[in-house]
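Architecture and fold: a report
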Amino acid sequence: ILYSNMGLAYNGLGDYDKALNCHMKALEIRKAIHGPDHPQVALSFNNIGRVYRNKKEYDKALEFCDKGLHIREKKLGEKYPKTAISYKSIAEIHKETGNNMEALKWAEKAKAADPKSSEIISLSGTIYQSLGRYEEALEQFELCLKLQQERKSSEESVKETEEKIIELKKLMEG
């Protein structure tokens, strides 16, 4: 866990090489302790994929996220919140590479796996907006806001979603 947490911290600081080093060590330790197809191994694969995404190495990001996804689907099933995280990671990669239709496919899988995740719903809204599907985007952002308010999410998160709704309505008007 220590190496994984250090990897997350380095990733957050933008020191991607150190982050990868830590996550790779965490991966090897988790494989040694749990075997090659344990959900903790999937977590390491997903973390490595996120670092590669931040480095804009999208092929490697997809490779590692896909490895984690296969483990999660096999061990946890398709309709499980941790599996939704893998789907969301893949959707984010496709969105960043401009492949919004593929991103939407994965975001929809993520929503099916975890329909109450405001982060996933917000991502769906962003993708719909990128596709020019403003009504669907608005529906997603409003649902996201409702969930954030019900769960008493941070003021920052709520404000960010409210701003997305305001900006989208301006786009729709003009």
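Summarised in this report is the structure supplied together with it. (Residues numbered from 1 in each chain as written. Predicted model: local features only at pLDDT ≥ 70, side-chain atom pairs only at ≥ 80, totals over all residues. Heavy atoms only, no water.)

Working note: non-glycine residues mostly have negative phi, and peptide bonds are mostly trans. Backbone geometry places Lys56, a non-glycine residue, at a positive phi of 65 degrees. With respect to the helices and strands, Lys56 occurs in the loop between α3 (39-54) and α4 (58-76). Accessibility expressed as a relative area gives 55% for Lys56, which makes it exposed. Its identity is not glycine, yet Lys152 carries a phi of approximately 55 degrees, on the positive side. You can see Lys152 is positioned in the loop between α8 (134-150) and α9 (155-173). Here Lys152 falls in the exposed class, since its relative accessible area comes to 73%. (Helix = DSSP H or I, 4+ residues; strand = E, 2+ residues; numbered from the N terminus. Buried < 20%, exposed > 50% of the residue type's maximum accessible area, 1.4 Å probe, protein only.)

The description of an aromatic ring pair rests on the distance of the ring centres and on the angle between the ring planes. Using the criterion set out here, one finds three aromatic pairs in the structure. Here Phe45 and Phe64 contribute two aromatic rings whose centre-to-centre distance is 6.1 Å and whose plane-to-plane angle is 40 degrees, an arrangement assigned as tilted. Taken as a pair, Phe45 in helix α3 and Phe64 in helix α4 lie far apart in primary sequence, 19 residues in all. Across the pair, exposure class does not vary: Phe45 and Phe64 are buried alike. Ring pairing ties together the aromatic residues Phe45, Tyr52 and Phe64, which thus form one cluster. Over the face of the ring belonging to Phe64 we find Lys67, whose NZ or CZ atom lies 4.9 Å from the ring centre. (Phe/Tyr/Trp six-rings, centres within 6.5 Å; stacked < 30°, edge-to-face > 60°. Lys NZ or Arg CZ within 6 Å of the ring centre and 35° of its normal.)

Another point: the nonpolar core. Grouped together as the largest cluster of nonpolar side chains are 37 residues, with contacts concentrated most on Phe45, Ile48, Tyr52, Tyr87, Trp106 and Ile127. For this core, the secondary-structure elements that each account for two or more residues are α2 (16-34), α3, α4, α5 (81-96), α6 (100-113), α7 (118-130), α8 and α9. Setting aside anything within four residues of it in sequence, one finds Tyr87 in contact with Leu69, Glu73, Glu78, Trp106, Lys109, Ala110 and Ala113. (Core = buried A, V, L, I, M, F, W, Y, C linked by side-chain atoms within 4.5 Å. Contact = heavy atoms within 4.5 Å.)

So, about the pattern of salt bridges. The final tally for this structure, using the stated rule, is 18 salt bridges. Here Lys18 ties to Asp15 by a salt bridge, and the two come within 3.8 Å at their closest N and O atoms. Classification of Asp15 by relative accessible area gives partly exposed; the value is 27%. The shortest N-O distance in the salt bridge between Glu150 and Lys146 comes to 3.8 Å. Of the two residues, Glu150 and Lys146 both sit in helix α8, four residues apart, roughly one turn of that helix. (Salt bridge = Lys/Arg side-chain N within 4 Å of Asp/Glu carboxyl O.)

What follows concerns the packing of α8 against α9. Close contact between α8 and α9 brings their axes to 10 Å; oriented N to C, the two are set at 160 degrees. In terms of orientation, α8 and α9 fall into the roughly antiparallel class. Taken as a pair, α8 and α9 cross one another with a handedness that is left-handed. Contact residues: Tyr134, Glu135, Ala137, Leu138, Phe141, Glu142, Cys144, Leu145, Gln148 and Gln149 in α8; Ser157, Val158, Thr161, Glu162, Lys164, Ile165, Leu168, Lys169, Leu171 and Met172 in α9. A class-by-class count of the residues in the contact of α8 with α9 yields 11 nonpolar, four polar and five charged. (Axes fitted to C-alpha atoms, helices over the stretch in contact; angles between N-to-C directions. Parallel < 35°, antiparallel > 145°, perpendicular 65-115°, else oblique. Left-handed = near helix turned anticlockwise from the far one by under 90°. Nonpolar A, V, L, I, M, F, W, Y, C, P; charged D, E, K, R; others polar.)

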